[in-house]
Amino acid sequence: MNLKNITVLGSGIMGHGIAQVSATAGYNVVLRDIEQGFLDKAMEKIKWSLDKLVTKEKISQQEANAIYSRIKPVVNLAEAVKDAHLVIEVVPEIMELKKKVYAELDSVAGKNVIFASNTSTLPITEIANTLSRPEKFIGIHFFNPPQLMKLVEIIPGEKTSKDVIDLTQEYVKSVKKESVLCRKDVPGFIINRLFIPMVHEACYMMDRTGATMTEIDSAVKFKLGFPMGIFELADFTGMDVIHKATTEMHSRDKKVILPHPTIEKMFDAKKLGQKSGEGFYKYSDEKYERVPLSEELASKCDPIQIVANILNNASWLVTNKASDIEEIEKAAQLGLGLKKPLFQTAKEIGIKNIVNELNQLASKHGKFYEPDSLLVSMQ
Ligand SMILES: NC(=O)c1ccc[n+]([C@@H]2O[C@H](COP(=O)([O-])OP(=O)(O)OC[C@H]3O[C@@H](n4cnc5c(N)ncnc54)[C@H](O)[C@@H]3O)[C@@H](O)[C@H]2O)c1
């Protein structure tokens, strides 16, 4: 199939960005939402973003105009998908809503149309099985904001055809992003499998070792090559997003996350992070604000518990054939911004020490911490 026409369903935080990057790559884009007002707001945001690129001299005014004119906002679903080759669904992360949207879509879209969902955590195969064409359904997980984040995870369901996987990979490449293939539809895919459990683990680390938030954040930043601290990253991501991902991942597999009560409490108290002015840290205004982290604070904290957690999950992904070390390193670098490969950090610390740490944690806190067989074999 010659992919030219893309319909994006949902014009919110992610949808308008995906529409913009697709139009920038030359696709004809239809942006669909349930109300004209939502589409007007999305088109304003796209215009603002393109204007900024013109001001920064990244693109010319003429290019910005051409990109903008390639995006057509449409409310009527049948009209929105009538010429589509690929539909990217970016509606809220609610399974019942997604199923309803796909039922409507299945009845109005041509038989050859490919459906790709930007879901962060919902099971791809379960959505696919509600369709008359499960082989034409795939997960395409962009990160926020799609205009800037380089990584896209591609997640085939059990029945997704090879052609659809190939075409999705080509599309991601054409919009100048890097894809990683999550070969199995596992809870959290690759990035959330590494990131979400780590936020909970950092909370446990505070309880168990007495290390402060800024000490833990400084240690991961200065000793492990993270772009920012874990609590800082959690505040940046938003407790609503973390809470939702936690609930979905944990409901699919109890062994993925050991939920720490703090996350639920913060979510209930609407301490959502930067967007609400308070999360793990407090923020004085809406401006992007960095927490003061330092090498001195880092020197007071040994982050081995965090390394053990993330490495155990990375190994689990390899052992369960969802990914391999090379792809995981690529995902961690582009999706989490890690400056140092995870398995290099592990070797520097000593895989034996990491396995020891996990065994000790398992003997004190239960089976959740048992080391993955790959890590054990790498000692
Ligand atoms: N926000 C993030 O950081 C992020 C990152 C990666 C993936 N995601 C995923 O992307 C998806 C969308 O998230 P978001 O943050 O953009 O949500 P959002 O709430 O900002 O936007 C969703 C949009 O979908 C619209 N919508 C609802 N029903 C619709 C329908 N039937 N047809 C068309 N549009 C409809 C809503 O009106 C809204 O404008 C979710 O699956 C989410 O998990 C979000």
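Analysis parameters
Residues numbered from 1 in each chain as written. Predicted model: local features only at pLDDT ≥ 70, side-chain atom pairs only at ≥ 80, totals over all residues. Near = placed C-beta within 6 Å. Nonpolar A, V, L, I, M, F, W, Y, C, P; charged D, E, K, R; others polar. Helix = DSSP H or I, 4+ residues; strand = E, 2+ residues; numbered from the N terminus. Buried ≥ 20, exposed ≤ 12 C-beta atoms within 10 Å, placed from the backbone. Core = buried A, V, L, I, M, F, W, Y, C linked by C-beta atoms within 7 Å. Domains from an automatic or database assignment. Contact = placed C-beta atoms within 7 Å. Pairing = 2+ DSSP bridges. Axes fitted to C-alpha atoms, helices over the stretch in contact; angles between N-to-C directions.

### Considerations on the site of the ligand
Point 1. The local shell around the ligand holds 22 residues, among which Gly10, Gly12, Met14, Glu93 and Asn144 are the closest.
Point 2. The residue inventory of the shell around the ligand, partitioned by class, reads 11 nonpolar, eight polar and three charged.

### Quick look at unusual backbone geometry
A negative phi angle is the norm for most residues apart from glycine, just as the trans form is the norm for most peptide bonds.
Point 1. The omega angle of the peptide bond from Asn144 to Pro145 is -5 degrees, so this bond is cis rather than trans.
Point 2. Relative to the helices and strands, Pro145 is located in the loop between strand S6 (137-142) and strand S7 (151-156).
Point 3. The backbone of Glu57 shows a phi angle near 60 degrees, a positive value even though the residue is not glycine.
Point 4. Structurally, Glu57 is set in the loop between helix H2 (36-55) and helix H3 (61-69).
Point 5. Phi angles above zero are rare outside glycine, and Lys270 is one such case at about 60 degrees.
Point 6. For Lys270, the position within the fold is in the loop between helix H12 (261-268) and helix H13 (295-298).
Point 7. Since 11 C-beta atoms lie within 10 Å of it, Lys270 is described here as exposed.

### A closer look at the nonpolar core
Point 1. Residues Val87 and Ile230 are the most contacted members of the largest nonpolar core, which totals 115 residues.
Point 2. Split by domain, this core shows at least three residues from each of two domains, domain 1 (5-181) and domain 2 (191-377).
Point 3. The contacts of Val87, once residues within four sequence positions are left out, are Thr7, Leu9, Val81, Leu105, Ala109, Val113 and Phe115.

### Overview of the sheet that holds strand S3 (residues 71-74)
Point 1. Sheet architecture is open: eight strands sit in the order S3-S2-S1-S4-S5-S6-S7-S8, paired in mixed fashion. Looking along the sheet, the strands with just one partner apiece sit at the ends: S3 and strand S8 (178-181). Each adjacent strand pair in this sheet contributes to an overall mean axis angle of 25 degrees, direction not counted.
Point 2. Where strand S1 (residues 5-9) meets strand S2 (residues 28-32), five bridges bridge the pair, whose relative direction is parallel. When the sheet's bridge partners are listed, Leu9 is paired in S2 with Arg32.
Point 3. Of the strands in this sheet, S7 and S8 are in contact with helix H15 (residues 325-335), which crosses S8 at around 135 degrees.

### Description of the domain arrangement of the chain
Point 1. With domains assigned, the chain is organised as domain 1 (5-181) and domain 2 (191-377).
Point 2. Centre-to-centre separation of domain 1 and domain 2, based on C-alpha positions: 29 Å.
Point 3. Each partner contributes to the interface: domain 1 provides 12 residues, whereas domain 2 provides 12 residues.
Point 4. Secondary structure elements with two or more residues in the side of domain 1 that touches domain 2: S7 and S8.
Point 5. Of all the elements, S8 adds the most residues to the side of domain 1 that touches domain 2, at three residues.

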